[in-house]
Amino acid sequence: MDIAALRKANPDHWMRAAAIRALTLDAVAAANSGHSGMPMGMADVATVLFEKHLKFDASAPTWPDRDRFILSAGHGSMLLYSLLYLCGDAQITLDEIRNFRQLGARTAGHPENFMAEAIETTTGPLGQGIANAVGFAMAEEILRARFGKKAVDHHTYVIMGDGCLMEGISQEAITLAGRQRLGKLIAFWDNNNITIDGEVGLSDRTNQVQRFKAAGWHVIEVDGHDPEAIDAAITKAKTTAKPSMIACKTHIALGHAAQDTSKGHGALTDEDQLKAAKDAYGWEHGPFVVPEDIKAQWEEIGARGGSERAAWEERFAALSERKQAEFNRALALEAPKKLSATIKALKKQVSESQPKVATRKASEMVLEVVNPIMPETVGGSADLTGSNNTRTGDLGVFDVGSRKGRYIYYGIREHGMAAAMNGMALHGGIRPYGGTFFTFTDYARPSMRLAALMKIPTVFVMTHDSIGVGEDGPTHQPVEHLAICRATPGSYTFRPADTVETAEAWEIALTSKETPSVLALSRQGLPTVRHEHKLKNLTAQGAYVLTEATGKRQAILLASGSEVSVALEARAMLEEAGIGTRVVSMPCWELFEAQDEAYRRKVLPAGPVRVAVEAGARLGWDRWLTGERGKSGKAGFVGMERFGASAPAGDLFEHFGITGENVAQVVKDLL
């Protein structure tokens, strides 16, 4: 690569891009950690995008109709941080650049959405960004159909690398985007032919251009260091009805001794090599120094969108007051005032009629009354709509010809679905929920973890939550999954016992602003256990006394989900034997942990024997059995110690001893 020729061909552009490269080299060297090569290789593409195409205003990073820019190759975070600093973002200052990868800095090793307003999503696990971007693009389509082009009309741009495209989630994402013809999604492939281990050919021979074409994308191939070709490609991509992939042939660590090598992927810290690279760029300035004229050019780029934002604000102000209010409410994640009364009315009806239904069906009953009053909800399923009960009649299907539809057929793409839902939540104005079988959280897990890390209220509807699945056998019967979900910081795992608790769980999930929710729901029918209607949302307390002991309390039974009714059966037997027994329903551990000590002591006082029953692994239950004033010698657990088996559900509960009789016997043995 002839660096001198590149400098000579487009000198002004070259120096703007060189500012990104120099800042990257300086920040990574100062941290002695990071990834230099990708920002150096993609600096030309990013410069053209920000200078000539990206609709944004650095002074208003959360302007609703801005274009979204996503760095799927999150290891190259200095590309994003350099751009934000250069454009004048108030939060990414030069001090933040100096403190790259240091404790407390906004400039974390990989971009984190909660660190700065201009960071759209958290990336680093490869492939997540491109899958998030599909969700961003779908959200834009849905909101444009709902509120009109005057309010919503923007593009989603994403930079992805070879690693993103090797990850399996990328296939789920690009085929979904191609099927939905998301024409406002434009992806740049950093085609540098390098991974950490060496050249891409060591492990892959995929023709990515043909792959994207086969998935229904518009594809353009360009020299990733030719600003005119890049500009023309973006201009063309903005005119097509298909999603666009611009394959940018680049040189990793451009101009450095490590160019075009696997070493160029990581931290380039050698002082002599760093100086030589800067000399090749014509960059004659010290560490972290950007000349005033170049910084001024970049700040002009950062301010370029101010007039577009002002025009949008004028258009938005001309909308009806009702439409403005609905738009602002959805973006603020404010639930409609009707939600509380709607949930209460359903709870009252259920407490009176006491149906025996699976909690997956109970979830559908909740959605049937909630979706009509919350037009921001967008549902879906990974090819299990009839099993997950996630579609209600009012939603309509989101498709190429029906962008107002609010139900998405994701196909067999659990991971892609979860990541796309995260993208919708991050975009704003949408409350996404999607379903699959609980055991397939294994396929969605990385995105579920990121939802918690990013503090977004995505709702994961996970049905068929135990051996109650029955004949499908151990491959489909969750055992360890509750423990895995509960171990995730910053998320709620709900396992409701009946329709009343299911309604309460949905109310919490749909009013949360920063916490994702997992709803673990049964396949099999469950009796209503909440017979007395209460206005208060008891599930919000995490655990509560469902049924009190008569006479002296000698035992406390703790249970969640389908096993609450098992605990009630055991209680009846124990009470008949003169053993006073309290039943505690525990639909959400995280919310119970958040209660004050006085409330937890009231629910779990010292003294009585404690036995927990749950058709899952014991891991985690000792927090409630032997902690919180409990004692190991007075604690027992009835649940699963191995994988399940293929048989009718009733036979399995008997086989594994998850019965009222066995629970009662465990209590008697402890006494």
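Quick caveat, the model's predicted, so the values are computed rather than measured.

Rules and cut-offs
- Residues numbered from 1 in each chain as written.
- Predicted model: local features only at pLDDT ≥ 70, side-chain atom pairs only at ≥ 80, totals over all residues.
- Heavy atoms only, no water.
- Pairing = 2+ DSSP bridges.
- Helix = DSSP H or I, 4+ residues; strand = E, 2+ residues; numbered from the N terminus.
- Axes fitted to C-alpha atoms, helices over the stretch in contact; angles between N-to-C directions.
- Contact = heavy atoms within 4.5 Å.
- Expected span 1.5 Å × (residues − 1).
- Buried < 20%, exposed > 50% of the residue type's maximum accessible area, 1.4 Å probe, protein only.
- Arc of directions from axis to C-beta.
- Parallel < 35°, antiparallel > 145°, perpendicular 65-115°, else oblique.
- Nonpolar A, V, L, I, M, F, W, Y, C, P; charged D, E, K, R; others polar.
- Phe/Tyr/Trp six-rings, centres within 6.5 Å; stacked < 30°, edge-to-face > 60°.
- Salt bridge = Lys/Arg side-chain N within 4 Å of Asp/Glu carboxyl O.

This part covers the sheet that holds strand β8 (residues 377-381). Strand order in the open sheet made by the six strands is β9-β8-β10-β11-β13-β12, with parallel pairing throughout. The open sheet is flanked by β9 (407-409) and β12 (492-494), the only strands paired with a single partner. Pairs of neighbouring strands in the sheet enclose a mean axial angle of 20°, with direction left out of account. Bridging between strand β11 (residues 459-463) and strand β13 (residues 517-521) involves five bridges; their strand directions are parallel. When the bridges of β13 are listed, F460 appears paired with V518. Lying on the sheet, helix α16 (residues 359-370) is in contact with β10 (431-437), β11 and β13; it crosses β13 at an angle near 130°.

What follows deals with helix α12 (residues 292-303). Taking 1.5 Å per residue as the helical rise, α12 with its twelve residues ought to reach 16 Å, and the 16 Å between its terminal C-alpha atoms agrees with that figure. Buried residues of α12: I294, K295, W298, I301 and G302, and no others. For α12, the angular spread of the buried residues around the axis is 115°, confining them to a single face. α12 presents E292 and E300 as exposed residues on the side facing more than 90 degrees away from its buried surface.

Okay, the packing of helix α13 (residues 306-317) against helix α14 (residues 321-331) next. Interaxial distance between α13 and α14 falls to 9 Å at its minimum, and their mutual angle equals 120°. Classified by the angle between their axes, α13 and α14 sit oblique to one another. Counting all contacts with α13, which are made through W312, F316 and A317, the residues of α14 involved are Q324, F327 and N328. The residue inventory of the contact of α13 with α14, partitioned by class, reads four nonpolar, two polar and no charged.

Looking now at unusual backbone geometry. The phi dihedral of A253 is positive, around 55°, even though this residue is not glycine. Among the structural elements, A253 can be located in the loop between β7 (244-249) and α11 (271-281). For A253, a relative accessible area of 0% translates into the label buried. Positive phi, normally seen in glycine, also occurs at F288, with a value near 65°. Following the sequence through the fold, F288 ends up in the loop between α11 and α12.

Here the focus is the packing of aromatic side chains. Here the structure, examined in full by the defined rule, presents 20 aromatic pairs. The interplanar angle of 75° and the centroid separation of 5.3 Å between the aromatic rings of Y407 and Y409 together place this pair among those described as edge-to-face. Ring geometry for W589 versus W624: centroids 6.1 Å apart, planes at 80°, classification edge-to-face. Of this pair, W589 sits in helix α23 (residues 589-593) while W624 sits in helix α25 (residues 622-625), placing them 35 residues apart in sequence.

Below, the discussion takes up the pattern of salt bridges. Per the stated rule, a full pass over the model turns up 39 salt bridges. Among the ionic pairs, D231 bridges to K52, the shortest N-O distance being 3.9 Å. Here the residue D231 occupies a position in helix α10 (residues 227-237), and K52 occupies one in helix α3 (residues 37-52), the gap between them amounting to 179 residues. For K52, a relative accessible area of 47% corresponds to the partly exposed category. Among the charged side chains, a salt-bridge network with shared partners connects E597, R600, R601, R623, E628 and R629.

Position of T93 relative to the elements: it lies in the loop between α4 (77-87) and α5 (94-98). Separated by eleven residues in sequence, T93 and S82 have C-alpha atoms that sit 9.5 Å apart.

Another point: the pairing of strand β2 (residues 156-161). The buried fraction of β2 amounts to six of the six residues, a majority that puts the element mostly inside the structure. What you see with β2 is no split at all: T156, V158 and M160 on one side and Y157, I159 and G161 on the other are buried throughout. Note that strand β1 (residues 68-71) and β2 share four bridges and pair parallel. Residue pairing across strands places F69 opposite Y157, the latter belonging to β2. Summarising the sheet, β2 and strand β3 (residues 185-191) pair through six bridges and their orientation is parallel. For V158, the partnering residue across the bridge sits in β3 and is A187.

Geometry only, nothing functional implied.
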